[in-house]
Amino acid sequence: MTTDLEATTVGKRAAEILEAVQAHPAYARLTDASMKYSPCWATFTGYPTISNWNLAADGGPLLVEALRVLALKAAVYDLTGGDEQAAELLVPDPVDEMIHAVLAQFTLMTKLQTDLGLLFPHATELESYTYTRGCVTDDYYAAAGWGEPPLRYWLDSGDVHRRLAILNGLYQQVGIGADGRSHNIDFDTVADGREPVGAVS
């Protein structure tokens, strides 16, 4: 296997893969299902790092970016003969969260992989949240003909850490722990600002 790939080679293959996905009969269902994922599950550290985040306005553009990244990763995986490490490209947190929404559509993604003869690799243990503008991911992205990644979503990891520090300070004010991994909210005593259930006034 080789991981020494020309950006133009990866970009061309990724563009072909994305076009094949978009032409598949299941594409509309995949995008619709992916957009319904956020109400079921979302983190405190992905989408919220976007300034003035709004799912209704930002969901569609983020889905476009997620599908592009999945095509890039599939292209690298294909061109390297199945090198998972090489295919685990550096991706900004908000885009990565939308990638999870797409991959959660297991049945549809399995059908796409089978019909197109592709594999869309994703391995959490191989992920590194150190995306930096100008890295090889950006080179592949540009070579696919997609121009410059939208900076609203393609946040440099340093900026993500800065924004998370701000968010965690705000979360703490309402009793939510770092990165939303814990909280000290007792819903029997503070929910809706009402008296606890069964309380005697």
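Every value quoted in this text rests on a predicted model; they were computed, and no experiment measured them.

Cut-offs applied
Residues numbered from 1 in each chain as written. Predicted model: local features only at pLDDT ≥ 70, side-chain atom pairs only at ≥ 80, totals over all residues. Heavy atoms only, no water. Helix = DSSP H or I, 4+ residues; strand = E, 2+ residues; numbered from the N terminus. Buried < 20%, exposed > 50% of the residue type's maximum accessible area, 1.4 Å probe, protein only. Contact = heavy atoms within 4.5 Å. Areas by Shrake-Rupley, 256 points an atom, 1.4 Å probe, with all protein chains shown as cover. Lys, Arg positive; Asp, Glu negative; His and termini not counted. Charge placed at Lys NZ, Arg CZ, Asp CG, Glu CD. Core = buried A, V, L, I, M, F, W, Y, C linked by side-chain atoms within 4.5 Å. 1 Å grid on protein atoms, 1.4 Å probe; cavity = no way out; pocket = protein on both sides within 12 Å on 5 of 7 lines; lining within 4 Å. Points joined across faces, edges and corners; volume = space filled by probe spheres on them. Nonpolar A, V, L, I, M, F, W, Y, C, P; charged D, E, K, R; others polar. Salt bridge = Lys/Arg side-chain N within 4 Å of Asp/Glu carboxyl O. Phe/Tyr/Trp six-rings, centres within 6.5 Å; stacked < 30°, edge-to-face > 60°. Polar contact = N/O pair within 3.5 Å; in protein donor to acceptor, adjacent residues only side chain to side chain.

Colleague: Quick question: what am I supposed to make of the overall build of the protein chain here?
Modeller: For the protein chain, the count of helices and strands is 9 helices and 0 strands. Going residue by residue from the N terminus, the α and β elements of the protein chain occur as α-α-α-α-α-α-α-α-α. Its C-alpha atoms give the protein chain principal-axis dimensions of roughly 70 × 35 × 30 Å. Sorting the 201 residues of the protein chain into buried and exposed places 42% on the buried side. Sequence separation of 24 or more characterises 76% of the internal contacts of the protein chain that already satisfy a separation of 6 or more. By element, 53% of the accessible surface of the protein chain is carried by carbon and sulfur atoms, the whole surface being about 10,700 Å². Looking at charge distribution, the protein chain has the averaged site of its 13 positive side-chain charges lying 6 Å from that of its 27 negative ones.

Colleague: Please explain the nonpolar core as it appears in this structure.
Modeller: Taken as a class, soluble globular proteins show a tendency for nonpolar side chains to be buried jointly. I17, L72, V95, V102, F120 and W146 are the most contacted members of the largest nonpolar core, which has 44 residues in total. Among the elements that line this core, the one with the most residues is helix 3 (residues 55–79), at 11 residues. With residues near it in sequence (within four places) discarded, I17 still touches A71, A74, A75, L118 and F120. Within the second largest apolar cluster, 6 residues are counted, among which are V160, L164, L167 and Y171.

Colleague: Hey, could you run me through the side chain of T137 in this one?
Modeller: Examined against the element boundaries, T137 turns out to sit in helix 7 (residues 136–143). The class of T137 is buried, set by a relative accessible area of 1%. Here T137 is in contact with L72, L89, L90 and W154, once residues within four sequence places are set aside.

Colleague: Would you take a moment to explain empty space enclosed by the protein for this structure?
Modeller: Here the idea is plain: a probe the size of a water molecule rolls over the atoms and shows the empty space left. For the structure shown, the criterion picks out 2 cavities of 30 Å³ or more. In this structure, the largest cavity encloses a volume near 50 Å³. Lining the largest cavity, in full, are E88, L89, L90, V91, D96, E127, S128 and Y129. Its residues assigned to classes, the lining of the largest cavity shows 4 nonpolar, 1 polar and 3 charged. L18, V21, L30, L67, L70, A71, M109, L112 and F120 together form the lining of the second largest cavity. Top contributing element to the lining of the second largest cavity by residue count: helix 3, with 3 residues.

Colleague: I tried to follow the pattern of salt bridges on my own but got confused; where do I start?
Modeller: Should their charged atoms come close, side chains of opposite charge can pair. Scanning all chains against the criterion turns up 9 salt bridges. Through salt bridges with shared partners, a single network forms among R13, E16 and D78.

Colleague: What should I look at first to understand the layout of surface pockets in this one?
Modeller: Considering only enclosed or pocket space, the largest pocket measures out at about 290 Å³ in volume. T43, T45, G46, D93 and Y129 are the residues nearest the centre of the largest pocket, which is lined by 15 residues in total. Looking at the lining of the largest pocket, the elements with two or more residues in it are helix 5 (93–103) and helix 8 (157–173). Considered class by class, the residues forming the lining of the largest pocket number 4 nonpolar, 6 polar and 5 charged.

Colleague: Mind showing me how you'd approach the packing of aromatic side chains here?
Modeller: Two aromatic rings, taken as a pair, are described by how far apart their centres are and by the angle between their planes. Summed over all chains, the structure comprises 5 aromatic pairs. Summarising the aromatic geometry, the rings of Y47 and W53 are spaced 4.6 Å apart at their centres and angled 20° between planes, so their arrangement reads as stacked. For Y47, a relative accessible area of 2% puts it in the buried group. On the basis of relative accessible area, W53 is assigned to the partly exposed category, the value being 27%. Consider the rings of Y141 and W146, whose centres lie 5.4 Å apart with planes at 80°: the pair is edge-to-face. Clustering of aromatic rings is evident, with ring pairs tying together Y131, Y141, W146 and W154.

Colleague: Teacher, can you tell me more about the side chain of S34 here?
Modeller: In this structure, S34 sits in helix 2 (residues 27–35). Given a relative accessible area of 1%, S34 falls into the buried group. A polar side-chain atom of S34 sits 2.8 Å from the main-chain carbonyl oxygen of L30. Each residue touching S34, except ones within four places of it in the same chain, is listed here: L63, A101, V102 and Q105.

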